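Below, each chain spelled out in residue letters.
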Amino acid sequence: LKAYCKVDFLLPDEGKAYILDWKTGKKDLDKHKKQLTGYSLFAQHNLGYKEENIVPMVIYLKDSYDEEEFVPQKEEIESFFEIIKTETDEMQTFNIDINENTPKPKEEFEMTTSTGLCAYCNYKKLCNR
């Protein structure tokens, strides 16, 4: 499978890659670590940067400006691949045909109105339930 990632901003400077990911929501570095790990691996594998020359940062813009640098540790990188595999396998359970990326009929998906998630859904028009 191909994985696509789109870095908000990457600044190459004196042999280093500064990766900036802007966030307009609530500050939560633990939540954003996986994304920064993916961006770091992208810079390493696709752009040829050495691990020690990659500087991933989350820039929080809500309320007040704040920067958080996060350098993924070996354990986080190793677990990253397992997390991606687990999440991919989970997503594929929603398909009839994985190779064609054909989803199951919407009637097979449980509505989540009891948790209030439907109120925040961006696909209400598609669901029409």
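Refer to the structure above for everything that follows.
Residues numbered from 1 in each chain as written. Predicted model: local features only at pLDDT ≥ 70, side-chain atom pairs only at ≥ 80, totals over all residues. Heavy atoms only, no water.

**A look at the sheet that holds strand β4 (residues 66–69)**
Move 1: Read across the open sheet, the four strands follow the order β1-β2-β3-β4; overall the sheet is mixed. A single partner strand is all that each edge strand has here, and the edge strands are β1 (9–13) and β4. Each strand of the sheet is rotated relative to its neighbour by a mean of 25°, with strand direction disregarded.
Move 2: The pairing of strand β2 (residues 16–23) with strand β3 (residues 54–60) spans seven bridges and is parallel. (Pairing = 2+ DSSP bridges. Helix = DSSP H or I, 4+ residues; strand = E, 2+ residues; numbered from the N terminus. Axes fitted to C-alpha atoms, helices over the stretch in contact; angles between N-to-C directions.)

**Remarks on helix α1 (residues 29–47)**
Move 1: The largest bend along α1 measures about 25° and falls at Q35.
Move 2: The complete set of buried residues in α1 reads L29, H32, L36, T37, G38, Y39, S40, L41 and A43.
Move 3: Lining the buried residues of α1 we find β1, β2, β3, β4 and α2 (74–92).
Move 4: The first or second residue beyond α1 is G48, which carries a positive phi of 80°. (Bend = angle between axes of the 7 residues up to and from the residue. Buried < 20%, exposed > 50% of the residue type's maximum accessible area, 1.4 Å probe, protein only. Contact = heavy atoms within 4.5 Å.)

**Describing a nonpolar patch on the surface**
Move 1: Together, F9, L11, W22, L61 and Y65 make up a nonpolar patch on the protein surface, roughly 490 Å² of accessible area in all.
Move 2: Checked against the element boundaries, L11 lands in strand β1.
Move 3: Overall, L11 belongs to the partly exposed group, its relative accessible area being 39%. (Patch = residues over 30% accessible without salt bridge, like charges linked within 9 Å, V, L, I, M, F, W, Y side chains within 5 Å. Areas by Shrake-Rupley, 256 points an atom, 1.4 Å probe, with all protein chains shown as cover. Salt bridge = Lys/Arg side-chain N within 4 Å of Asp/Glu carboxyl O.)

**Focus on the pairing of β2**
Move 1: One ladder, built from five bridges, connects β1 with β2; its direction is antiparallel. Each bridged residue has a counterpart across the sheet, and for F9 the counterpart in β2 is L20.
Move 2: Where β1 folds back on β2, the antiparallel hairpin that results is connected by two residues, among which E14 adopts a positive phi of roughly 50°.
Move 3: Tracing the backbone out of β2, into α1 and back to the parallel element β3 gives a crossover that is right-handed. (Right-handed = clockwise from strand over helix to strand, strands pointing away.)

**As for the packing of aromatic side chains**
Move 1: Applying the stated criterion across every chain, the model contains two aromatic pairs.
Move 2: Relative to F81, the ring of F80 lies with its centre 5.8 Å away and its plane at 80°, an arrangement referred to as edge-to-face. (Phe/Tyr/Trp six-rings, centres within 6.5 Å; stacked < 30°, edge-to-face > 60°.)

**A word on the layout of surface pockets**
Move 1: Looking at the largest pocket, its volume works out to about 710 Å³.
Move 2: If you go around the largest pocket, you meet 24 residues; those closest to its centre are F94, K106, F109, C121 and Y123.
Move 3: Where the lining of the largest pocket is concerned, the elements lending two or more residues are α2 and α3 (124–127).
Move 4: Considered class by class, the residues forming the lining of the largest pocket number 13 nonpolar, seven polar and four charged. (1 Å grid on protein atoms, 1.4 Å probe; cavity = no way out; pocket = protein on both sides within 12 Å on 5 of 7 lines; lining within 4 Å. Points joined across faces, edges and corners; volume = space filled by probe spheres on them. Nonpolar A, V, L, I, M, F, W, Y, C, P; charged D, E, K, R; others polar.)

**A closer look at the pattern of salt bridges**
Move 1: Under the counting rule described, the total for this entry stands at six salt bridges.
Move 2: In this structure, D66 engages K27 in a salt bridge whose closest nitrogen and oxygen atoms are separated by 2.4 Å. Here K27 lies in the loop between β2 and α1 and D66 lies in strand β4, a separation of 39 residues in the sequence.
Move 3: For D66, a relative accessible area of 25% puts it in the partly exposed group.
Move 4: Here K27 falls in the partly exposed class, since its relative accessible area comes to 42%.
Move 5: A salt bridge links E87 to K34, with the nearest nitrogen and oxygen atoms 2.6 Å apart. Within this pair, whereas E87 is found in helix α2, its partner K34 is found in helix α1, the two being separated by 53 residues in sequence.
Move 6: Given a relative accessible area of 33%, K34 falls into the partly exposed group.
Move 7: One salt-bridge network, in which partners are shared between bridges, spans K27, D66 and E68.

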